[in-house]
Amino acid sequence: MAEAKTIKKNEQMQMDMTTGSCAKAIIFFAIPLFLSNLFQQFYNLADTAIVGHILGDRALSAVGSVSTIYGVLTVFCFGLTSGFSILLSQFFGSNDEKSLKKGIAASVVLSFASAGILSVASAVFMKPIMRAIHVSDTLFDDAYTYIMIITVGLIVNVAYNLLSSVLRSVGNSKTPLLFLTISSFLNIFLDILFIKGFGWGIAGAAYATVLAQAVSAALCLVYITIKCRELIPHKEDFIVQKEYYQKLISYGSSMALMYTIVNIGSLILQIGINGLGTDVVAAHITARKISELFMMPGSTVAGALATFTSQNYGAGLNDRIKNGVTISCAVMLVWSTVATLIVYLFGPYLVRMITGNVDQGIIDIAVRYLRINLPYYYALSALLLFRNVLQGISHNGFTLVASIVEMLGKVITVAFFVKPLGYTAICYCEPITWIICCVPVTIALWHYLYAGSFEKPMLLHRISRRRSY
């Protein structure tokens, strides 16, 4: 009987979440993820400020006019590679190096094929899409230049997301944070150099983004080549095996669509907000910035729980997954309570501190949104955590359905409730959809993890069975 080759796990480069303290594994993995998300927020603000200060409001508006398109593309790529990492984490948890390498090889092929398709589709359909979202004629040429450079460079964005996802799948969230930090500061430096030094205008901002992403991808590749050679697939690992591709496409497309659908829903909701007047738009933008900061711990813990669940699912350790769910729920219960108290006690001060706005009307609108929204973070936290656990135990259909329901809730709100109820409909839209979506994913989680029979992943089971002959 042939034995599967096991992974030589390096505690300095990887984190095996199938052993030791569940709380320590989740928290230690989540902290670098949280810092990455926080740093990304800071970097995005700095990048926008540079374009506005050097090139002026017109250039800033041109970038902003296509930011939704850029957001959808980048979120799709991130979701795709995050989905791939779920299966890779399962292979890592099952301690099967050969399957892990084959999974990485298939992920490389699928990632670059997807990047190529998106770039070609962008070249063909970008102008019609820009007209559909009403990019003004005065901004059109600059906006088109910017977004096309970005989309042609999607391949490096995908490369970084893939390589960082591979590292996270084996429990390494610190190294992607380091390279994200380096590339973000590089991007700011290149923005100034290309825009002001070389006089490349808005194209310089796009080139800076692509080049900085290329550097981060290169750093990840060098790191894996030197420190994690067991993650490098060989030539024979690229031989197509249908079951690997089917499973990766299932995971990747589900995660990509989940993130993309939620993003599209938010865009639709923004259409309704835009019709409520400039004060409401300004207040909502402010409130969303604060709300997203409060959401960050939830999405971070959920991301850590996804990797934790996947590794332990691959190892067949159901009790550790249950323990991880309990710990994560406890953490988010505490955070949701703290966040709600902060908003109710210090809401107006937060709005003034973040934006510097002194218009009391705008402050009141923003605080109203936050005070309605934050108490429902208990439901949002459960939705985020349970959705990621279901992904980790190979039941991703429910997560996609929940995302579709969330988008439909926003469409219905804009179509039927914004006109008669005004901003009140906007304030209650997401909390209500969170509760509705939380019900099916909670039932599904209970059925598959607690009440149902816990089975070894089907692909891993077939691979193990073949090796037994």
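Definitions and limits used
- Residues numbered from 1 in each chain as written.
- Predicted model: local features only at pLDDT ≥ 70, side-chain atom pairs only at ≥ 80, totals over all residues.
- Heavy atoms only, no water.
- Helix = DSSP H or I, 4+ residues; strand = E, 2+ residues; numbered from the N terminus.
- Rg over C-alpha atoms; globule rule 2.2 N^0.38 Å.
- Buried < 20%, exposed > 50% of the residue type's maximum accessible area, 1.4 Å probe, protein only.
- Contact = heavy atoms within 4.5 Å.
- Areas by Shrake-Rupley, 256 points an atom, 1.4 Å probe, with all protein chains shown as cover.
- Lys, Arg positive; Asp, Glu negative; His and termini not counted.
- Charge placed at Lys NZ, Arg CZ, Asp CG, Glu CD.
- Core = buried A, V, L, I, M, F, W, Y, C linked by side-chain atoms within 4.5 Å.
- Polar contact = N/O pair within 3.5 Å; in protein donor to acceptor, adjacent residues only side chain to side chain.
- Expected span 1.5 Å × (residues − 1).
- Phe/Tyr/Trp six-rings, centres within 6.5 Å; stacked < 30°, edge-to-face > 60°.
- Lys NZ or Arg CZ within 6 Å of the ring centre and 35° of its normal.
- Salt bridge = Lys/Arg side-chain N within 4 Å of Asp/Glu carboxyl O.
- Patch = residues over 30% accessible without salt bridge, like charges linked within 9 Å, V, L, I, M, F, W, Y side chains within 5 Å.
- Axes fitted to C-alpha atoms, helices over the stretch in contact; angles between N-to-C directions.
- Left-handed = near helix turned anticlockwise from the far one by under 90°.
- Nonpolar A, V, L, I, M, F, W, Y, C, P; charged D, E, K, R; others polar.

**A short note on the overall build of the protein chain**
Then step 1. On a plain count of helices and strands, the protein chain comes out with 16 helices and zero strands.
Then step 2. Taking 469 residues into account, the globule formula puts the C-alpha radius of gyration at 23 Å, and the protein chain, at 22 Å, falls close to it.
Then step 3. In terms of overall dimensions, the protein chain has a C-alpha envelope of 75 × 50 × 35 Å along the principal axes.
Then step 4. By the burial criterion, 52% of the 469 residues in the protein chain qualify as buried.
Then step 5. Partitioning the intrachain contacts of the protein chain with sequence separation of at least 6 by distance along the chain shows that 83% fall at a separation of at least 24.
Then step 6. Accessible surface for the protein chain amounts to roughly 20,700 Å². Of this, 68% is attributable to carbon and sulfur atoms.
Then step 7. If you average the places of the 33 positive and of the 23 negative side-chain charges in the protein chain, the two averages end up 6 Å apart.

**A word on the nonpolar core**
Then step 1. Judged by nonpolar contacts, the single largest core of 64 residues is most densely connected at Phe-294 and Leu-370.
Then step 2. Elements with a contribution of two residues or more to this core: helix H1 (22-55), helix H9 (242-274), helix H10 (278-314), helix H11 (318-355), helix H12 (360-373), helix H13 (377-392), helix H14 (397-421) and helix H15 (423-451).
Then step 3. Looking at this core, the element that brings in the most residues is H10, giving 13 residues.
Then step 4. Beyond its immediate chain neighbours, meaning those up to four positions away, Phe-294 contacts Trp-335, Ala-339, Ile-342, Val-343, Leu-350, Leu-374 and Tyr-377.
Then step 5. Core analysis: the second largest hydrophobic core is formed by 32 residues, Phe-84, Ala-159, Cys-220 and Tyr-244 among them.

**Side note on the side chain of Asp-96**
Then step 1. Counting through the fold element by element, Asp-96 comes out in the loop between helix H3 (67-93) and helix H4 (97-132).
Then step 2. A relative accessible area of 7% means that Asp-96 is categorised as buried.
Then step 3. There is a polar contact of 3.3 Å between the side chain of Asp-96 and the backbone nitrogen of Lys-98.

**Points about the environment of Asn-95**
Then step 1. Along the chain, Asn-95 falls in the loop between H3 and H4.
Then step 2. Judged by relative accessible area, Asn-95 falls into the partly exposed class, the value being 27%.

**Re H12**
Then step 1. In this model, H12 (14 residues) spans 20 Å end to end at C-alpha, consistent with the 20 Å of a helix rising 1.5 Å per residue.
Then step 2. Along H12, the residues that are buried comprise Ile-362, Ile-363, Ala-366, Val-367, Tyr-369, Leu-370, Ile-372 and Asn-373.

**Structural notes on the packing of aromatic side chains**
Then step 1. Under the defined criterion, the tally for this structure stands at eleven aromatic pairs.
Then step 2. Joined through ring pairs, the aromatic side chains of Phe-194, Phe-198, Trp-200 and Tyr-207 make up one cluster.
Then step 3. Its end group placed over the ring of Tyr-144, Lys-127 keeps NZ or CZ at 4.9 Å from the ring centre.

**What about H13?**
Then step 1. Between its first and last C-alpha, H13 extends 22 Å over 16 residues, near the 22 Å set by a 1.5 Å rise per residue.
Then step 2. In terms of residue burial, H13 counts as a mostly covered element, since 15 of its 16 residues are buried.
Then step 3. Looking one or two residues past H13, Ser-394 carries a phi angle of roughly 70°, positive in sign.

**Digging into unusual backbone geometry**
With the exception of glycine, most residues fall at negative phi, and the peptide bonds are largely trans.
Then step 1. With phi around 65°, Asn-95 is a residue other than glycine that occupies positive phi space.
Then step 2. Despite not being glycine, Ser-394 shows a phi value in the positive range, around 70°.
Then step 3. Relative to the assigned elements, Ser-394 resides in the loop between H13 and H14.

**Here's the deal with the pattern of salt bridges**
Then step 1. Counted under the stated rule, the structure contains eight salt bridges.
Then step 2. Note that Lys-101 is salt-bridged to Glu-97, the shortest N-O span being 2.9 Å. Taken as a pair, Lys-101 and Glu-97 lie in helix H4 at a separation of four residues, close to a single helical turn. With respect to burial, Lys-101 and Glu-97 carry one shared label: buried.

**Side note on a nonpolar patch on the surface**
Then step 1. Residues Ile-27, Phe-28, Ile-31, Leu-35, Leu-38 and Leu-293 make up a contiguous nonpolar surface patch of about 490 Å² in total accessible area.
Then step 2. Tracing the chain through its elements places Phe-28 in helix H1.
Then step 3. Overall, the relative accessible area of 45% leaves Phe-28 in the partly exposed class.

**Some points on the side chain of Ser-85**
Then step 1. With respect to the helices and strands, the residue Ser-85 is situated in helix H3.
Then step 2. For Ser-85, a relative accessible area of 11% gives the class buried.
Then step 3. Contact partners of Ser-85, with chain neighbours within four places excluded, come to Ser-165 and Ser-169.

**As for the environment of Phe-42**
Then step 1. Residue placement: Phe-42 occurs in helix H1.
Then step 2. You can call Phe-42 partly exposed: its relative accessible area is 46%.
Then step 3. Through-space distance from the C-alpha of Phe-42 to that of Ser-250 is 33 Å; in sequence the pair is 208 residues apart.

**Some details on the packing of helix H6 (residues 154-169) against helix H8 (residues 202-227)**
Then step 1. At a minimum axis separation of 8 Å, H6 and H8 run at an interaxial angle of 35°. Crossing of H6 against H8: the hand is left-handed. Note on element contacts: H8 touches H6 through Val-210, Gln-213, Ala-214, Ser-216, Ala-217, Cys-220, Leu-221, Tyr-223 and Ile-224, opposite Val-156, Asn-157, Ala-159, Tyr-160, Leu-163, Ser-164 and Leu-167.
Then step 2. Looking at the contact of H6 with H8, its residues break down into twelve nonpolar, four polar and no charged.

These results come straight from atomic positions and should not be treated as a statement about function.
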